[in-house]
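Coordinates in review
Here's the letter readout for the chains.
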Amino acid sequence: MIYKYRIVLDVLDDVIRDIEIRDTSTLEDLHNSIAQAFGFDGTEMASFYKSDEEWNQGEEYLLFDMSDGQGDVNMMNETSLDSVFSRKDTKMIYVYDFFNMWTFYVELADITEPKDGQDYPNLMFAQGQLPESPPEKQFEAEKLDDFDDDSNDDIEFENLDDFDFDENWN
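Residues numbered from 1 in each chain as written. Predicted model: local features only at pLDDT ≥ 70, side-chain atom pairs only at ≥ 80, totals over all residues. Heavy atoms only, no water.

Overview of the sheet that holds strand E7 (residues 102–112)
Read across the open sheet, the 8 strands follow the order E5-E4-E3-E6-E7-E1-E2-E8; overall the sheet is mixed. Two strands bound the open sheet, and with one partner strand each, they are strand E5 (74–75) and strand E8 (122–127). Examined bridge by bridge, strand E4 (residues 57–62) and E5 share 2 bridges and lie parallel to one another. Residue pairing in the sheet places Leu62 in a bridge with Met75 of E5. (Pairing = 2+ DSSP bridges. Helix = DSSP H or I, 4+ residues; strand = E, 2+ residues; numbered from the N terminus.)

Shown next, in the form of structure tokens:
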């Protein structure tokens, strides 16, 4: 089967690419297709994140394993598209270049039969130009309504010497 994706860059202007790719391709293949469609060289660190209907970031799929064997990681090159996308699970967030944080919304728009003579992956549609730099991200914590700011008023100390620890602890 052929998966048709709409990829939207997280900017104010509409910067969109529609890509079709075989369902047996990997997330790494999709990463390469997205990078090429938006004019990146594809060599920067990148990750896909499972997402729900509200675009909340979930489980991560890495391009490069930086864990040093510290735990199980999901790798793009080991993950087929049909194992993470379905008619029910249609959304992922894609982040390219962690220094610049190019962020894209990837949505499975359709599943179709392959067309005879068509090469895949295929860039079907492109709208808008990539800006020179990614938009500034606002990273703000949620306000906690039930936090009692006065709860530690009875704890007093003049300086860190009041705590019992060795200053050469490391």
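Comments concerning the pattern of salt bridges
Pairing between side chains of opposite charge can happen when the charged atoms of each approach one another. Counted under the stated rule, the structure contains 4 salt bridges. Note that Glu53 is salt-bridged to Lys91, the shortest N-O span being 3.6 Å. Remark: Lys91 occurs in strand E6 (residues 91–96) and Glu53 occurs in the loop between strand E3 (46–51) and E4; sequence separation between them is 38 residues. Lys88 serves as the salt-bridge partner of Asp89, at 3.9 Å between the closest nitrogen and oxygen. Accessibility expressed as a relative area gives 66% for Lys88, which makes it exposed. (Salt bridge = Lys/Arg side-chain N within 4 Å of Asp/Glu carboxyl O. Buried < 20%, exposed > 50% of the residue type's maximum accessible area, 1.4 Å probe, protein only.)

So, the environment of Ile21
Within the secondary structure, Ile21 sits in strand E2 (residues 16–22). In sequence terms Ile21 and Ile2 are 19 residues apart; their C-alpha atoms lie 5.5 Å from each other. Once residues lying within four places of it in the same chain are set aside, the contact partners of Ile21 are Met1, Ile2, Tyr3, Tyr5, Asp29, Leu30, Ser33, Leu81, Tyr120 and Pro121. (Contact = heavy atoms within 4.5 Å.)

Some words on the side chain of Thr26
Note that Thr26 resides in the loop between E2 and helix H1 (27–38). The exposure class assigned to Thr26 is buried, which follows from its relative accessible area of 16%. Aside from chain neighbours lying at most four places away, what touches Thr26 is Met76, Asn77, Thr79, Ser80 and Leu81.

Points about the packing of aromatic side chains
If you walk through the whole model with that rule in mind, you get 10 aromatic pairs. Relative to Tyr96, the ring of Phe40 has its centre 4.4 Å away and its plane inclined at 25 degrees; by these criteria the two rings are stacked. With Phe40 in the loop between H1 and E3 and Tyr96 in strand E6, this pair connects stretches of sequence that are 56 residues apart. When its relative accessible area of 16% is taken as the criterion, Phe40 is described as buried. (Phe/Tyr/Trp six-rings, centres within 6.5 Å; stacked < 30°, edge-to-face > 60°.)

Side note on the pairing of E6
Along E6, 6 of the 6 residues are buried, which leaves the element largely enclosed by surrounding structure. Alternating positions in E6 separate into two faces, Lys91, Ile93 and Val95 on one and Met92, Tyr94 and Tyr96 on the other, with burial throughout. Two strands pair when backbone bridges link them, and E3 and E6 are joined in this way by 5 bridges, in the antiparallel orientation. Paired with Ala46 across the bridge in E6 is Tyr96. Bridge count between E6 and E7: 6 bridges; the pairing is antiparallel. For Ile93, the partnering residue across the bridge sits in E7 and is Tyr105. Hairpin connection of E6 to E7: 5 residues between the antiparallel strands, including Asp97 at a positive phi of 65 degrees.

Digging into a nonpolar patch on the surface
A cluster of nonpolar side chains, Met45, Phe64 and Met66, forms an exposed patch at the surface whose accessible area comes to about 290 Å². Note that Met66 resides in the loop between E4 and E5. Accessibility expressed as a relative area gives 57% for Met66, which makes it exposed. (Patch = residues over 30% accessible without salt bridge, like charges linked within 9 Å, V, L, I, M, F, W, Y side chains within 5 Å. Areas by Shrake-Rupley, 256 points an atom, 1.4 Å probe, with all protein chains shown as cover.)

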